[in-house]
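# Fold and contact review
Single-letter residue listing:
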Amino acid sequence: MAKRLIDNLSIFGLIIKDKEIELEFKTNIRELEAYRNDLLKRLLEEHKTEIIKWYDLLNPSEEIRICDIECDNDKVNFKASYYGTIKPAVPILSEAHLNCLGLSISLSQIGNVNNPFSFILIDDPVQSMDNVHTDNFVNEVLLLFLIYGFLNCEFFTFNILDQ
C-alpha cells in the first residue's frame, strides 16, 4: 500500500510538472505571436509606400488603386480605392491584379538595407498577368531593372516577347 501511495504521488508530481511546462509553453507561444505581429506591423509600415509605388507602376491606368495596407494582429488588410470608394482590395482584384500585388511586395524589398542578397530572382512573374499587365512589367519594371543594374542579361531568359 505504501508503494502504491508513493507511485500515486510520483504520478501526481509529474502531472503538476506537465501543467507547469504547458503553462510555460503557452506563455512562450503568446510572446512569440506578439513579437511576430509587431514585426509584421513594423515591416508593413516601413514598406507600405514602396509596395504601393510598385503596384502603381504595374497598374498605371487602373481604376482600382491600392491606397493603404493595415496589419491587424496576424492578418494583413489591403485597402483599395475603387471608383471613389475605399474597399477591401483582395475580393475585388483580378488574378492579374493579385499577382501584381504579390510582385509589388517582393519588389519593395529591392532597396531594403537589411536585405542580405545582392540579387533578386523572379521566376515567371507574368504567368497570371493579362497582356496589359505583362506589357507594363516589360516596359516599366524591366526597364528600371536595366537602368539600375538589377538585370544581368547574360543569365536572363525571357519568353514574354514570344507571346
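Since this is a predicted model, take the numbers as computed values, not measurements.

Turning our attention to the confidence of the model for the chain. Scored by pLDDT, the chain has a mean of 77; 71% of the residues are at 70 or more. Mean pLDDT in the chain bottoms out at helix 3 (residues 131-147), which sits at 74, and peaks at strand 3 (residues 85-88), which reaches 92. Confidence drops under a pLDDT of 50 for residues 153-163, and excluding neighbours within four residues, the segment shows 10 contacts in the predicted structure.

A word on the sheet that holds strand 1 (residues 64-72). Spatially, the three strands line up as an open sheet ordered 1-2-3, and their pairing is antiparallel. Where the open sheet ends on each side, the last strands, each with one partner, are strand 1 and strand 3. If you compare each strand with its neighbour and ignore which way they point, the axes differ by 30° on average. In this structure, strand 1 lies alongside strand 2 (residues 75-82), joined through eight bridges in antiparallel fashion. Among the inter-strand pairings, Arg65 is bridged to a residue of strand 2, identified as Ser81.

On a regular strand, each side chain points to the face opposite its neighbour's, so the side chains alternate between the two faces of the sheet. What sits between strand 1 and strand 2 in their antiparallel hairpin is a turn of two residues, with Asn73 showing a positive phi close to 55°. In terms of strand pairing, strand 2 meets strand 3 through four bridges, oriented antiparallel. What sits directly across from Lys79, in strand 3, is Pro88.

The rules behind these values
- Residues numbered from 1 in each chain as written.
- Predicted model: local features only at pLDDT ≥ 70, side-chain atom pairs only at ≥ 80, totals over all residues.
- Heavy atoms only, no water.
- pLDDT = per-residue confidence, 0-100.
- Helix = DSSP H or I, 4+ residues; strand = E, 2+ residues; numbered from the N terminus.
- Contact = heavy atoms within 4.5 Å.
- Pairing = 2+ DSSP bridges.
- Axes fitted to C-alpha atoms, helices over the stretch in contact; angles between N-to-C directions.

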